[in-house]
Amino acid sequence: GVAAMLADRAAWPVPDWDGRAPGLLRGSDIAVLCRSNDSAREVAEALAAAGLKVALGRGGLLGRAECVMGLAGLRWLADSSDSAAMAELAHLAEGDAEAPAWLNATLTAADPHSALAKHVPGLAALEALRDRLDALTPAEALDAAIAALGVPVRLRAWGDATSRLANLEALRGLALGYEEECAQGGLPATAAGLCAWLAAAEAEEPASPDPDAVQV
């Protein structure tokens, strides 16, 4: 299949275009044709599950790890009592451990909230932003939360950094869309309001801009 082709690129020569030498097959040289949008999404999800980069917008942008972390940081910045946001941050920071240290510590602590806070890297940096939250637009607050948590640095460890960065840009675009909607309606735009607005959104993950992404 597609994965086998990309694993043995030399066996599938391509014409000498775009200044590339013949024989250097890339994902963007491969196109998978589908009869319907539903089929295209199924194929895209299957290719992504196989570890391949895919150039097709797919549902679930807000469920991607980089977006979950950024939004959880923004939620906690807007409401320091949001234990669910802290738990998401701790989970993403620790990874898929069988017995998460943050969970064990929370379950056995007399003060679960404080115990959980100790397992969230970057929480102090987020706290430092709180005093100037009112001076930031929601999009600026989101950017600040993403930076404080070191999300761009984590992308390298998570893999597929190019697509993940595109997801963050799409998330920023949604934040700006929220601000514009508030401006048009004469409503205040806040970090808490952005979180609620995004919770009701069905955002799509943008197509991968990577030249090695398979076209679907």
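Just so you know, these numbers come straight off a predicted model, no measurement behind them.

Once that is clear, we can look at the overall build of the chain. What the chain contains, in helices and strands, is 11 helices and four strands. Per-residue burial over the chain gives 35% buried out of 216 residues. When contacts within the chain are restricted to residue pairs at least 6 apart in sequence, long-range pairs at least 24 apart make up 64% of them. Of the accessible surface of the chain, which amounts to about 11,400 Å², a share of 56% is contributed by carbon and sulfur atoms.

At D160, a residue that is not glycine, the phi angle is positive and equals roughly 55°. One can find D160 in the loop between α9 (151-158) and α10 (161-185).

All right, on to the side chain of E179 then. Looking at where E179 falls in the secondary structure, it is placed in helix α10. Within the buried set, E179 has no salt-bridge partner at all; the shortest N-O distance to an opposite charge, 11 Å, is to R172. A polar contact is formed between the side chain of E179 and the backbone nitrogen of A139, at a distance of 2.7 Å. With residues near it in sequence (within four places) discarded, E179 still touches T137, P138, A139 and A189.

Quick look at the environment of E140 now. Within the secondary structure, E140 sits in helix α8 (residues 138-148). Assessed through its relative accessible area of 40%, E140 is described here as partly exposed. Distance from E140 to A175, taken between C-alpha atoms, is 8.9 Å for residues 35 residues apart in sequence.

Let's shift gears to the packing of aromatic side chains. Counting across every chain of the model gives one aromatic pair. When the ring of Y178 is compared with that of W197, the centres are 5.6 Å apart and the planes differ by 50°; the resulting orientation is tilted. Highlighted residues: Y178 in helix α10 and W197 in helix α11 (residues 191-199), separated in sequence by 19 residues. Given the relative accessible area of 25%, W197 is considered partly exposed. Note that R130 overlies the ring of W76, its terminal NZ or CZ placed 4.5 Å from the centroid.

Within an α-helix, residues lying three or four positions from one another point in the same direction, as the helix has 3.6 residues per turn. Here α10 spans 36 Å end to end across 25 residues, near enough to the 36 Å set by a 1.5 Å rise per residue. For α10, every residue scored as buried is listed here: S163, R164, A166, N167, L168, L171, A175, Y178, E179 and C182. A positive backbone phi angle near 65° is found at G186, which sits one or two residues after α10.

The rules behind each value
- Residues numbered from 1 in each chain as written.
- Predicted model: local features only at pLDDT ≥ 70, side-chain atom pairs only at ≥ 80, totals over all residues.
- Heavy atoms only, no water.
- Helix = DSSP H or I, 4+ residues; strand = E, 2+ residues; numbered from the N terminus.
- Buried < 20%, exposed > 50% of the residue type's maximum accessible area, 1.4 Å probe, protein only.
- Contact = heavy atoms within 4.5 Å.
- Areas by Shrake-Rupley, 256 points an atom, 1.4 Å probe, with all protein chains shown as cover.
- Lys, Arg positive; Asp, Glu negative; His and termini not counted.
- Salt bridge = Lys/Arg side-chain N within 4 Å of Asp/Glu carboxyl O.
- Polar contact = N/O pair within 3.5 Å; in protein donor to acceptor, adjacent residues only side chain to side chain.
- Phe/Tyr/Trp six-rings, centres within 6.5 Å; stacked < 30°, edge-to-face > 60°.
- Lys NZ or Arg CZ within 6 Å of the ring centre and 35° of its normal.
- Expected span 1.5 Å × (residues − 1).

All we've got here are geometric facts, nothing functional implied.
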